[in-house]
Amino acid sequence: MHRQRVMIRTFGLAAAVALAATGCGPQKSGAAPAAPSSPVAGSSPAASPSTPDDGKAGASSPAATPSQPSSPSASAPSSPGVKPIMANGDESEQIRELQARLRQLKLVSTAPTGFYGSKTTAAVKTFQSQHGLGATGSVDEATWQKIQGLSKKPTDDELRPPTTNEVDAPDPRCMQGRVMCISKESRTLAWMIDGKVVSTMDVRFGSENTPTREGEFQVGWKAKEWTSTIYHTSMPYSMFFSEGQAVHYSSDFAARGYAGASHGCVNVRDKAKLSALFDQVKVGDKVVVYW
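Residues numbered from 1 in each chain as written. Predicted model: local features only at pLDDT ≥ 70, side-chain atom pairs only at ≥ 80, totals over all residues. Heavy atoms only, no water.

Q: Any chance you could break down the overall build of the protein chain for me, citing the residues and the numbers?
A: Along the protein chain, the regular secondary structure elements total eight helices and 12 strands. Within the protein chain, buried positions represent 50% of all 291 residues. Intrachain contacts of the protein chain at a sequence separation of at least 6 include 64% that bridge at least 24 residues. In the form shown here, the protein chain has an accessible surface area of approximately 12,500 Å², with 53% of it arising from carbon and sulfur atoms. (Helix = DSSP H or I, 4+ residues; strand = E, 2+ residues; numbered from the N terminus. Buried < 20%, exposed > 50% of the residue type's maximum accessible area, 1.4 Å probe, protein only. Contact = heavy atoms within 4.5 Å. Areas by Shrake-Rupley, 256 points an atom, 1.4 Å probe, with all protein chains shown as cover.)

Printed below as a string of structure tokens:
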């Protein structure tokens, strides 16, 4: 099996054994994680609960669009008799259209994700207040018709824009030292040193079945060239921070964008930016993943 050519070891032999089962290759939306083709030392990272929010990668993956709505209100028919037709916690292509229209109206600045979270709720409340509608933050038929009347049908580029996401406000844990500050809300990674943003890039996360862990971590080791020992996919510029989960370049993310998801890793689609970041990040630097 292909191994890394450039690897910084920090834990000696014991760590090398523990790292034998690493990697999070791409998967299609809603796909269950693939089983390892053969037994490996250690075990694959355990999935932990994840609460998705706007913008934000995979439903756990901000990125992945599940095959079925994530809540009863998302599956309800869009008719005056059903209120609301879209609400906080739902996920659907109709919500992606809603977010694109809200962006046209300059009520949100982030790219559509299809997930109805805190930013969408706040934008809908603002719209409702501006137009004499009940400011519930949920979209009923009257609100939806008003939004449609004041905006145009989104283009494909508006629904899935290639532009970089707007960086979210840093988590307080990111304000000291050298930190990869990773927001599931805005689907961005900000490389920060002593509270100042040095560089930023778009990221995507794991799916509902294989969520990216949240919390405060440290970079345990790095590999400029690495192949997942579980999914057998290339993971260039890997910076491992939580067992088999790492920040790494994803050609699948570069090609398909948020139509896919990882198996738990933090995918980056701009290879040049990540290459520069890889050279700057040191083993032991902090990693914060948060909503």
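Resuming the write-up.
Q: Please give an account of the pairing of strand β9 (residues 245–249) that cites residues and values.
A: Among the five residues of β9, five are classified as buried, and the element is accordingly described as predominantly covered. Every second residue of β9 is oriented toward a common face, with Q245, V247 and Y249 on one face and A246 and H248 on the other, all of them buried. Pairing analysis gives three bridges linking strand β8 (residues 238–242) to β9, with the strands arranged antiparallel. What sits directly across from S242, in β9, is Q245. Counted along the chain from β8 to the antiparallel partner β9, the turn is two residues long, and its residue E243 has a positive phi close to 50°. Of the strand pairs in this sheet, β9 and strand β11 (residues 266–268) are connected by three bridges, and their pairing is parallel. Bridge pairing in β11 places V247 opposite V266. (Pairing = 2+ DSSP bridges.)

Q: Can you tell me about the pattern of salt bridges, naming the residues and giving the values?
A: Under the defined criterion, the tally for this structure stands at nine salt bridges. As a salt-bridge pair, R173 and D171 come within 2.8 Å of each other at their nearest N and O atoms. Measuring nitrogen to oxygen at the nearest pair gives 3.0 Å for the salt bridge that ties K184 to E214. Of this pair, K184 sits in the loop between β3 (178–183) and β4 (188–193) while E214 sits in the loop between β5 (196–204) and β6 (215–218); the two residues are 30 residues apart in sequence, bridging distant segments of the chain. For K184, a relative accessible area of 0% gives the class buried. (Salt bridge = Lys/Arg side-chain N within 4 Å of Asp/Glu carboxyl O.)

Q: Please set out helix α5 (residues 141–149) residue by residue, giving values where relevant.
A: Residues of α5 that are buried: E141, T143, W144 and I147. For α5, the buried positions fall inside an angular range of 160° around the axis, keeping them on one side. Close packing links the buried residues of α5 with α3 (93–104) and α4 (118–130). (Arc of directions from axis to C-beta.)

Q: Outline the packing of aromatic side chains, supporting the account with residue identities and numerical values.
A: Considering all chains together, one arrives at six aromatic pairs under this definition. With a centroid separation of 4.1 Å and 5° between ring planes, the pair formed by W221 and F240 is classed as stacked. One end of the pair, W221, is in strand β7 (residues 221–223); the other, F240, is in strand β8, with 19 residues separating them in the sequence. For W221, a relative accessible area of 3% puts it in the buried group. Owing to a relative accessible area of 1%, F240 belongs among the buried residues under this scheme. Feature note: the residues W221, W226 and F240 constitute an aromatic cluster, connected by ring pairs. (Phe/Tyr/Trp six-rings, centres within 6.5 Å; stacked < 30°, edge-to-face > 60°.)

Q: Which residues make up unusual backbone geometry, and what values do they have?
A: Negative phi values dominate among residues other than glycine, just as trans dominates among peptide bonds. One non-glycine residue, R187, adopts positive backbone phi at about 60°. Position of R187 among the secondary structure elements: in the loop between β3 and β4.

Q: Which residues make up the nonpolar core, and what are the values?
A: Counting residues in hydrophobic clusters, the biggest one holds 22 residues, and the most contacted among them are M180, I182, M239, V247, L274 and L277. Contributions of two or more residues to this core are made by β3, β4, β5, β8, β9, β11, α8 (271–280) and β12 (286–290). For this core, the leading source of residues is α8, giving three residues. Contacts of L277, omitting those with residues within four sequence positions, involve M180, L189, W191, M201 and M239. Ranked by size, the runner-up nonpolar core spans 13 residues in total, among them I95, V108, W144 and I147. (Core = buried A, V, L, I, M, F, W, Y, C linked by side-chain atoms within 4.5 Å.)

Q: Please set out the environment of T210 residue by residue, giving values where relevant.
A: If you trace the backbone, T210 turns up in the loop between β5 and β6. With a relative accessible area of 8%, T210 lands in the buried category. Taking the C-alpha atoms as reference points, T210 and C24, separated by 186 residues in sequence, lie 9.0 Å from one another.

Q: Now, about the pairing of β3: what can you tell me, with residues and values included?
A: In terms of burial, β3 is largely enclosed, as five of its six residues are buried. Between β3 and β4, which pair antiparallel in sequence order, lie four residues; one of them, R187, sits at a positive phi of approximately 60°. Direction of pairing for β3 relative to β12: parallel, over a ladder of five bridges. Counterpart to M180 in the pairing with β12 is V287.

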